[in-house]
Amino acid sequence: MNEIFLLARETVRVIFHMDGGYTRVVWERSENTAWAGIGWIFDIPTYVIPYDLRAIGSHFLLSIVKPNANDCEDIENIRSNRDRFFHIERLTVFV
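Predicted model, so just to flag it, every value in this text is computed and none were measured. (Residues numbered from 1 in each chain as written. Predicted model: local features only at pLDDT ≥ 70, side-chain atom pairs only at ≥ 80, totals over all residues. Heavy atoms only, no water.)

(A) Representation of the overall build of the chain in the model. For the chain, the helix and strand inventory stands at one helix and five strands. N-terminal to C-terminal, the α/β element order of the chain is β-β-β-β-α-β. Expressed as a percentage of its 95 residues, the buried residues of the chain come to 29%. In the chain, the share of contacts with a sequence separation of at least 24, taken over all contacts with a separation of at least 6, comes to 57%. (Helix = DSSP H or I, 4+ residues; strand = E, 2+ residues; numbered from the N terminus. Buried < 20%, exposed > 50% of the residue type's maximum accessible area, 1.4 Å probe, protein only. Contact = heavy atoms within 4.5 Å.)

What follows is the structure in structure tokens.
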């Protein structure tokens, strides 16, 4: 059975780009709270972010998923499939 297990789904902000093709993002609601500074920063592959959302300060909805909730994967399998763990959605504003 092909389940998808949702690990997190949060609005993030791009804070900087790193060497090696990664972008660092921070969960918006973790800033200025008790959560700040305890791991709510993620490094995600830059190529999974649409080009127009890569600018420093951009906001988008980041979902982190595990493709199969029941699969016992080894670290090499996780590393080789890491781009499947990140789903990005544009934020929309309703007026």
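That was the structure; now back to the text.
(B) How the structure looks around the pattern of salt bridges. With the rule as written, the count across this model stands at three salt bridges. With its nearest N and O atoms 2.6 Å apart, the salt bridge here joins Asp43 to Arg24. Placement of Asp43 in strand E3 (residues 41-45) and of Arg24 in strand E2 (residues 22-27) is noted, with a sequence separation of 19 residues between them. For Arg24, a relative accessible area of 25% gives the class partly exposed. Arg90 is paired through a salt bridge with Asp52; the nearest N and O atoms lie 2.8 Å apart. In this pair, Arg90 is assigned in the segment after strand E5 (86-89) and Asp52 in the loop between E3 and strand E4 (59-66), connecting sequence segments 38 residues apart. Using a relative accessible area of 49% as the deciding quantity, one classes Arg90 as partly exposed. (Salt bridge = Lys/Arg side-chain N within 4 Å of Asp/Glu carboxyl O.)

(C) Molecular detail of the environment of Ser58. You can see Ser58 is positioned in the loop between E3 and E4. When the C-alpha atoms of Ser58 and Val25 are compared, they prove to be 9.4 Å apart, with 33 residues separating the residues in sequence. Among residues more than four places away in sequence, those in contact with Ser58 are Val12, Arg13, Val14, Asp52 and Leu53. Of note is the side chain of Ser58, whose polar atom sits 3.4 Å from the backbone oxygen of Leu53. (Polar contact = N/O pair within 3.5 Å; in protein donor to acceptor, adjacent residues only side chain to side chain.)

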